[in-house]
Amino acid sequence: MEVPKRGLNGWKEKKALKEDKKSTKTVEKVIEKESEKEAQQIVNVKSIANDLALNIIKSNKELHIHTDMFGKQHKGTIDSARLKKLTSALKDISDILGKRHNRKQ
């Protein structure tokens, strides 16, 4: 007995559709996982940048305070070495956030 071709073609089409749906779901899951991973990385970078900014604000308030060799603190002129460190930290934050922003576009 011969099997009608029409029934066989329908089965092949159904199988192909099922495989296509399976592939689509797999791709969607991979994209979702990658998006979640990137979002978490952005949250981590922003958290670190926020902590660093708070430390910079604290350090900025202490720029004019100097500690002598006996451990006593004195107010005076702004310490240029500390100012350079703060400027460098701000530049680093700007670079990190700028790179993240450019990658997203």
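Further up the page is the structure itself.
Think of each chain on its own: its residues are numbered from 1, step by step along the sequence as written. Per-residue local features are limited, in this predicted model, to residues with pLDDT of at least 70; the limit for side-chain atom pairs, both in listing and counting, is 80 or more; totals at the level of whole chains, interfaces and linings are taken over all residues. Only hydrogens and water are removed before side-chain values are computed, so all heavy atoms of the structure are retained for them.

What is the right way to look at the overall build of the protein in this model?
In DSSP terms, a helix is any run of H or I states spanning at least four residues, a strand is any run of E spanning at least two, and both are numbered starting from the N terminus. The helix and strand inventory of the protein stands at 2 helices and 2 strands. Per-residue burial for the protein yields a buried fraction of 7% across its 105 residues. Whether two residues are in contact is decided by their heavy atoms, any of which lying within 4.5 Å being enough. For the protein, long-range pairs separated by at least 24 residues make up 44% of all intrachain contacts whose partners lie at least 6 apart in sequence. For every accessible area listed, the method is Shrake-Rupley and the probe measures 1.4 Å; residues are considered covered only by the protein chains on display. Per element, the accessible surface of the protein, about 9,700 Å² overall, is 57% carbon and sulfur. Accessible area is worked out with a 1.4 Å probe on protein chains only. A residue is then buried under 20% of its type maximum, exposed over 50%, and partly exposed in between.

Please explain a positive patch on the surface as it appears in this structure.
On the surface, Lys21, Lys25, Lys29 and Lys33 cluster together to form a positively charged patch. Turning to its location among the elements, Lys29 is positioned in helix 1 (residues 5-61). Patch definition: residues with relative accessible area over 30% and no salt bridge; like charges joined within 9 Å; nonpolar side chains (Val, Leu, Ile, Met, Phe, Trp, Tyr) joined within 5 Å. Just to be clear on terms, a salt bridge is a Lys or Arg side-chain nitrogen sitting within 4 Å of an Asp or Glu carboxyl oxygen. Neither His nor the chain termini are counted; the positive set is Lys and Arg, and the negative set is Asp and Glu. Where a charge lies is defined by one atom per residue type: Lys uses NZ, Arg uses CZ, Asp uses CG and Glu uses CD.

Help me understand the environment of Ile56 in this model?
Position of Ile56 relative to the elements: it lies in helix 1. According to the relative accessible area criterion, Ile56 is buried, its value standing at 9%. Once the C-alpha coordinates of Ile56 and Thr87 are considered, the two residues, 31 residues apart in sequence, prove to be 9.1 Å apart.

Explanation requested: the environment of Ala49 in the structure shown.
With respect to the helices and strands, Ala49 occurs in helix 1. Since its relative accessible area comes to 14%, Ala49 is described here as buried. Each C-alpha atom of the pair Ala49 and Leu97 lies 8.4 Å from the other, and the pair is 48 residues apart in sequence.

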